[in-house]
Amino acid sequence: MRTGFGSPVIFWLALAAVLGLVLGIDEDIDRPLFGPPGSPIRLHESDQGLKKALNFAEERYNRGSNAMHFRKVSRFISATKQLVKGIRYNITVELSNTQCKKATMLRTCDFYPESQKLKTEVCVFEVWDIPWQGTSTLLKQKCQPKVYLTQEETNSVVAESASSPFEQEPVELLGKFKEFMVKYNKVYSSEEETNRRLRIFHENMKTADTLQSLDQGSAEYGVTKFSDLTEEEFRSTYLNQLLSQWTLHRPLKLASPARNPAPADWDWRDHGAVSSVKNQGMCGSCWAFSVTGNIEGQWFLKNGSLIPLSEQELVDCDGLDQACKGGLPSNAYEAIEKLGGLETESDYSYTGRKQKCDFTDRKVAAYINSSVELSKDEEEIAAWLAENGPISVALNAFAMQFYRKGVSHPLKIFCNPWMIDHAVLLVGYGERKGTPFWAIKNSWGEDYGEQGYYYLYRGSNACGINTMCSSAVVD
């Protein structure tokens with residue numbers, strides 16, 4: 001059975017329904033549908049201003065058409081308005097033939113009862129209305145014949161639609177895809193590539209729906225900047241496969257346990273030990289960001305100053321790890337000790353690719369003396385964190401591809417604790433409405449998750465969060 005967008009016929013039906021929203025015909029809509037003043041806002045078909053704009057577009061369409069019969073709107077699909085020195089309406093509708101000839105002046109015009117005579121088109125209109133001047137302008141008009149499915153294809157779509165609301169409404173899916181492209185500045189090289197990314201996006205939305213329906217926490221999953229990537233692309237570009245290769249791990253000295261029990265909650269962001277969220281880009285260097293974040297916290301606690309440190313130095317100069325192809329925190333600590341320390345981020349700035357090592361010992365801004373491994377008991381981890389600073393940790397990041405906000409608690413089947421593939425920084429813990437969480441600083445930029453942070457359920461070793469906890473030691 002083919003998927004809803006696997007068939008070219010079905011794809012072009014959906015594409016025609018919002019012609020231009022994906023492939024650039026509506027290139028002027030350059031902001032998401034919800035946001036600050038001036039952003040496009042979705043409209044219901046009952047909106048009076050929309051009705052006026054649609055009547056104007058319908059009249060102009062018929063005036064410019066060579067068809068014998070008058071056409072009118074047979075189905076409303078979607079519309080938005082945007083305040084741009086007036087009101088700009090972007091409208092998608094279906095137009096069909098009526099039985100009225102243009103030369104006649106009848107009050108009512110009925111559609112043909114036979115579908116083959118309707119000659120329905122899917123049209124995108126853009127109308128600019130300036131109410132205080134009493135003027136309207138038709139900025140754009142793009143129409144394409146509606147494609148009708150065969151009975152077999154219709155049955156296929158109906159059968160499959162039960163599993164996903166997006167297959168019931170291809171226009172809604174394409175609207176989400178358009179918003180995604182605009183928000184994350186996505187540009188594809190060809191129509192074929194756009195088609196492929198749309199299909200991937202569609203499958204990812206189904207995965208996000210599944211995660212959402214089975215999540216045991218309060219997380220919201222959905223569209224993220226990674227929604228057009230296959231699982232393999234996401235893993236190979238942003239994650240770190242070396243973390244789960246346990247034979248590569250260098251054993252570390254076990255850290256001394258915390259002297260006091262863990263307080264009810266703690267967050268090192270509130271105490272000045274955490275730098276701003278960084279972005280590793282399209283490079284599997286999460287291990288470097290996890291380690292530098294830990295050392296930034298340790299240096300702050302020992303010396304009272306928070307200094308953003310260089311991840312690029314590790315990417316370039318750590319001969320034990322594999323730069324953008326992954327690495328291990330235990331190796332990174334050893335490399336830093338051998339180098340003599342880390343330069344600042346401003347002195348050795350991040351490029352997101354491996355270069356020739358340009359480390360200069362006279363620019364060292366922070367050093368470490370050794371490194372330790374922590375207990376795998378979450379209560380002990382919490383106590384150590386509150387007493388000693390942010391911790392370098394690793395976890396299974398499968399659910400993170402689609403995470404938007406809230407406390408994530410995926411089922412173990414989605415988040416095998418022995419398949420850890422992403423290094424992050426544990427900065428705190430607490431509760432939200434009775435749900436215990438870990439506060440995790442990620443390295444995918446501030447436009448990921450909650451201002452760059454991921455919140456994971458605490459108390460069940462979720463996603464292997466307890467399996468690789470370590471810290472540098474600064475004497």
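Quick caveat: nothing in here was measured; it's all calculated off a predicted structure.

**Student:** Which residues make up the packing of helix H9 (residues 286–303) against helix H11 (residues 329–339), and what values go with them?
**Tutor:** Running from N to C, H9 and H11 cross one another at 60°; their axes reach a closest spacing of 9 Å. By the angle class used here, H9 and H11 are oblique. Crossing of H9 against H11: the hand is right-handed. Facing Trp-287, Val-291, Asn-294 and Ile-295 of H9, the residues of H11 in contact are Pro-329, Ala-332, Tyr-333 and Ile-336. Residue composition of the contact of H9 with H11, grouped by class: seven nonpolar, one polar and no charged.

**Student:** Give me the sheet that holds strand E3 (residues 87–101): which residues, what numbers.
**Tutor:** Strand order in the open sheet formed by five strands is E1-E2-E3-E4-E5, with antiparallel pairing between adjacent strands. The open sheet has two edge strands with one neighbour each: strand E1 (41–42) and strand E5 (135–145). Across nine bridges, the pairing between E3 and strand E4 (residues 121–130) is antiparallel. The partner of Val-93 across the bridge, within E4, is Cys-123.

**Student:** Would you mind going over the side chain of Thr-98 in detail, with residue names and values included?
**Tutor:** Structurally, Thr-98 can be placed in strand E3. Side-chain polar atoms of Thr-98 contact the backbone oxygen of Phe-70, separated by 2.6 Å. A polar contact is formed between the side chain of Thr-98 and the backbone nitrogen of Cys-100, at a distance of 3.3 Å.

**Student:** Tell me about the nonpolar core, and please be specific about residues and values.
**Tutor:** If you look at the biggest cluster of nonpolar residues, it comprises 53 residues, and the most contacted ones within it are Ile-391, Leu-395, Leu-426, Ile-440 and Tyr-454. Of all the secondary-structure elements, those providing two or more residues to this core are helix H7 (191–214), helix H8 (231–238), helix H12 (378–388), strand E10 (391–395), strand E13 (422–432), strand E14 (435–441) and strand E15 (453–457). Ranked by residue count, the leading element in this core is H12, at six residues. Sequence-distant contacts of Tyr-454, defined by excluding residues within four places in its chain, comprise Leu-395, Ala-399, Met-400, Tyr-403, Ser-408, Trp-438, Ala-439, Ile-440 and Tyr-448.

**Student:** Explain the confidence of the model for the chain to me, using residue names and the numbers behind them.
**Tutor:** Residue-level pLDDT values for the chain average 85, and 85% of them are 70 or greater. Low pLDDT, under 50, characterises residues 1–37; the predicted model gives this stretch 98 contacts beyond four residues in sequence or across chains. Per-residue pLDDT stays below 50 along residues 149–168; that stretch engages in 33 contacts with residues further than four places along the chain or on separate chains.

**Student:** So what about the packing of aromatic side chains? Which residues, and what values?
**Tutor:** For the coordinates displayed, the defined rule picks out 21 aromatic pairs. Among the aromatic residues, those joined into a cluster by ring pairs are Phe-226, Phe-234, Tyr-238, Tyr-403, Trp-444, Tyr-448 and Tyr-454. Over the face of the ring belonging to Phe-111 we find Lys-72, whose NZ or CZ atom lies 5.1 Å from the ring centre. A cation sits over an aromatic face here: Arg-432 above Phe-437, 5.7 Å from the ring centre.

**Student:** Give a detailed account of unusual backbone geometry, specifying residues and quantitative values.
**Tutor:** Positive phi values are uncommon outside glycine, yet Ala-323 reaches one of about 55°. Take Ala-323: it is sitting in the loop between helix H10 (311–317) and H11.

**Student:** An account of helix H6 (residues 170–183) is needed here, citing residue identities and associated values.
**Tutor:** The end-to-end C-alpha distance of H6 is 20 Å, a good match for the 20 Å that 14 residues give at a rise of 1.5 Å each. A positive phi of about 55° marks Asn-185, the residue just after H6.

Rules and cut-offs
Residues numbered from 1 in each chain as written. Predicted model: local features only at pLDDT ≥ 70, side-chain atom pairs only at ≥ 80, totals over all residues. Heavy atoms only, no water. Axes fitted to C-alpha atoms, helices over the stretch in contact; angles between N-to-C directions. Helix = DSSP H or I, 4+ residues; strand = E, 2+ residues; numbered from the N terminus. Parallel < 35°, antiparallel > 145°, perpendicular 65-115°, else oblique. Left-handed = near helix turned anticlockwise from the far one by under 90°. Contact = heavy atoms within 4.5 Å. Nonpolar A, V, L, I, M, F, W, Y, C, P; charged D, E, K, R; others polar. Pairing = 2+ DSSP bridges. Polar contact = N/O pair within 3.5 Å; in protein donor to acceptor, adjacent residues only side chain to side chain. Core = buried A, V, L, I, M, F, W, Y, C linked by side-chain atoms within 4.5 Å. Buried < 20%, exposed > 50% of the residue type's maximum accessible area, 1.4 Å probe, protein only. pLDDT = per-residue confidence, 0-100. Phe/Tyr/Trp six-rings, centres within 6.5 Å; stacked < 30°, edge-to-face > 60°. Lys NZ or Arg CZ within 6 Å of the ring centre and 35° of its normal. Expected span 1.5 Å × (residues − 1).

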